[in-house]
2 protein chains.
Amino acid sequence: MKKLPRKTITRVLLYIRTLEGLLKEKRYLVSSRQLSEITGLSDVKIRKDISNFKSVGKPRVGYKTADLKKTLENYLLQNHTVHLVLFGVGNLGSAILKYPGFHQKKIKLVAAFDVDRNKIGKKVNGVRVYPLERAPEVIKRCRADIGIIAVPKERCQEVADYIVLSGIHRILNFAPHSINVPEKVQVRSIDFTLRILSLFCDAQS
Amino acid sequence: MKKLPRKTITRVLLYIRTLEGLLKEKRYLVSSRQLSEITGLSDVKIRKDISNFKSVGKPRVGYKTADLKKTLENYLLQNHTVHLVLFGVGNLGSAILKYPGFHQKKIKLVAAFDVDRNKIGKKVNGVRVYPLERAPEVIKRCRADIGIIAVPKERCQEVADYIVLSGIHRILNFAPHSINVPEKVQVRSIDFTLRILSLFCDAQS
């Protein structure tokens, strides 16, 4: 895959996040000017960016919000399908397995792991649950890109070690607890707090 | 509460998000220059912003990442404690009730609602589960700021109607399904997809 400059990626993600918000507000058309007002980035910069993404639409008149969002998502993924593996099939893990949001996107949950014998071997929403110790073998077979940690925080370091051992360099950590991983491994977390801050404050403005 | 300009809020949230990422990468000091490189906003703009937040630290030498993040979070909340109510105590709802991430912050889950008689009356992590129809009364009593929707998508419109009826103007929707609410009501969703895109792409760069 072609490597994209980090600054570009950060801007594109900011655009996508902004477009997501506009869609929620039922704003189906957006101009570079509006994007500029919301993101704080210059109108010129945004128009230059969007033209690079070969998106349809007229900067001043407006782009179709949903189309632009899709264009930007594909630009980031470059037609790659992201393979996820899930660790922990408890409350949160089960919710993630049932999350319908992935289906329209190029994101696929390919395997789940747990230590509970009652869960192992079962299929949840078409995804098989394997014993934790089989992670390295299964992950190599299904070419996983990202490991999702949804275990209690007491176990998240153990699971992180398994993920690294399996050769995955990207971890999405739902446990609000930091994990120690090698330099090369990227860790992100789903930050409920940030979304709540965002919602709380936007409603103030 | 003092209303903050939307553009300022958007930038502050971008800063917080960026600082979150730096902390994950164990970068405990950050300069306005680094923030500028990551966010794409100008160094001058960022230094001007941060000085307004009365944050400690020297722009060029660096700020303590965690301190700056806390300062920005408090700047947004203005010492208000955000009260959340939860709708749906299924897999996801239970996970949210047990989410430890809120405790350090000024965010408090004050009540939960469900239609399942086996859940009603129980306490999960100290939060009582009430029948859905009691939402308006309970919500007024506990002065809730935000309603969280964690019900199956078939029920999310019904629940959204209850939230609006209860006088809440901010909804955090976990169901990847849009809801119809009055103009004045703000809706946000937790977008797993965006975090996965972000993780996938950052690891490329």
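Here, the structure is the one placed above.
Residues numbered from 1 in each chain as written. Chains lettered and ligands numbered in written order. Predicted model: local features only at pLDDT ≥ 70, side-chain atom pairs only at ≥ 80, totals over all residues. Heavy atoms only, no water.

Enquirer: I'm lost on the packing of aromatic side chains in this one. Help?
Expert: Two aromatic rings, taken as a pair, are described by how far apart their centres are and by the angle between their planes. Residues and elements named next belong to chain A. This structure, assessed with the given rule, holds four aromatic pairs over all chains. Where Phe87 meets Phe113, the ring centres are 4.9 Å apart and the plane angle is 25 degrees; that geometry is what we call stacked. Of this pair, Phe87 sits in strand S3 (residues 82-87) while Phe113 sits in strand S4 (residues 107-114), placing them 26 residues apart in sequence. Residue Phe87 is classed as buried on the basis of its relative accessible area, which comes to 1%. Three or more aromatic residues joined by ring pairs make a cluster, and in this case those are Phe87, Phe113 and Tyr130. (Phe/Tyr/Trp six-rings, centres within 6.5 Å; stacked < 30°, edge-to-face > 60°. Helix = DSSP H or I, 4+ residues; strand = E, 2+ residues; numbered from the N terminus. Buried < 20%, exposed > 50% of the residue type's maximum accessible area, 1.4 Å probe, protein only.)

Enquirer: Would you mind going over the side chain of Asp114(B) with me for this structure?
Expert: Residues and elements named next belong to chain B. As for its position among the elements, Asp114 is in strand S4 (residues 107-114). For the buried Asp114, no salt bridge is present, and the opposite-charge side chain at shortest range is Lys119, 4.1 Å distant. With near-sequence residues (within four places) excluded, Asp114 lies in contact with Gly88, Val89, Gly90, Lys119, Ile120, Val129, Tyr130, Pro131 and Leu132. (Lys, Arg positive; Asp, Glu negative; His and termini not counted. Salt bridge = Lys/Arg side-chain N within 4 Å of Asp/Glu carboxyl O. Contact = heavy atoms within 4.5 Å.)

Enquirer: Would you mind going over empty space enclosed by the protein with me for this structure?
Expert: Over the atoms rolls a probe the size of a water molecule, and in doing so it shows where empty space is left. Applying the stated criterion across every chain yields a total of three cavities of 30 Å³ or more. Here the largest cavity defines a volume of roughly 880 Å³. Arg17(A), Leu194(A), Arg17(B), Leu194(B) and Arg195(B) are the residues nearest the centre of the largest cavity, which is lined by 43 residues in total. Taken together, the elements giving at least two residues each to the lining of the largest cavity come down to helix H1 (6-24), strand S9 (186-189) and helix H8 (192-202) of chain A together with helix H1 (6-24), strand S9 (186-189) and helix H8 (192-202) of chain B. When the residues that make up the lining of the largest cavity are grouped by side-chain class, the tally is 15 nonpolar, 10 polar and 18 charged. (1 Å grid on protein atoms, 1.4 Å probe; cavity = no way out; pocket = protein on both sides within 12 Å on 5 of 7 lines; lining within 4 Å. Points joined across faces, edges and corners; volume = space filled by probe spheres on them. Nonpolar A, V, L, I, M, F, W, Y, C, P; charged D, E, K, R; others polar.)

Enquirer: I'm lost on the relation of the copies chain B and chain A in this one. Help?
Expert: Copies of the same chain, two in number, are related to each other by a rotation about an axis and a translation along it. Overlaying chain B with chain A gives an RMSD of 0.0 Å, the required rotation being 180 degrees about an axis along which the chain moves by 0.0 Å. The relationship between the two copies is best expressed as a two-fold rotation axis. Taking C-alpha positions as reference, the residue of chain B nearest the rotation axis is Asn91(B), located at 2.1 Å. Counting the interface residues of chain B, we find that 100% of their copies in chain A are interface residues as well, pointing to one common contact surface. (Least-squares fit on C-alpha atoms with pLDDT ≥ 70 in both.)

Enquirer: Help me out: how do you make sense of the interface of chain B and chain A in this one?
Expert: Many analyses report the size of an interface as the accessible area lost when the parts associate. Listed as interface residues are 67 residues of chain B and, on the opposing side, 67 residues of chain A. A combined buried area of about 7,100 Å² lies between chain B and chain A, and 68% of that area is made up of carbon and sulfur atoms. When the buried area of chain B at its contact with chain A is split by residue, Phe192(B), Leu199(B) and Phe200(B) rank highest and sum to 11% of it. Across the chain B-chain A interface, the total number found is zero salt bridges. Here chain B is connected to chain A by zero residue pairs in polar contact (both at pLDDT 80 or more). Every element with two or more residues in the side of chain B that touches chain A is listed here: H1, helix H2 (32-39), helix H4 (65-77), strand S3 (82-87), helix H5 (91-98), strand S8 (170-173), S9 and H8 of chain B. (Buried area = accessible area lost by both parts, 1.4 Å probe. Polar contact = N/O pair within 3.5 Å; in protein donor to acceptor, adjacent residues only side chain to side chain.)

Enquirer: I'm lost on the sheet that holds strand S6 (residues 127-131) of chain A in this one. Help?
Expert: Two modes of strand pairing occur in sheets, parallel and antiparallel, and in both the strands are linked by backbone hydrogen bonds. Residue and element names in this part refer to chain A. One open sheet accounts for seven strands, arranged S5-S6-S4-S3-S7-S8-S9; its pairing is mixed. Both edges of this open sheet fall to strand S5 (123-124) and S9, since each of them pairs with a single strand only. Here S3 runs beside S4; their pairing, made up of six bridges, is parallel. Within S4, the residue paired with Phe87 across the bridge is Phe113. (Pairing = 2+ DSSP bridges.)

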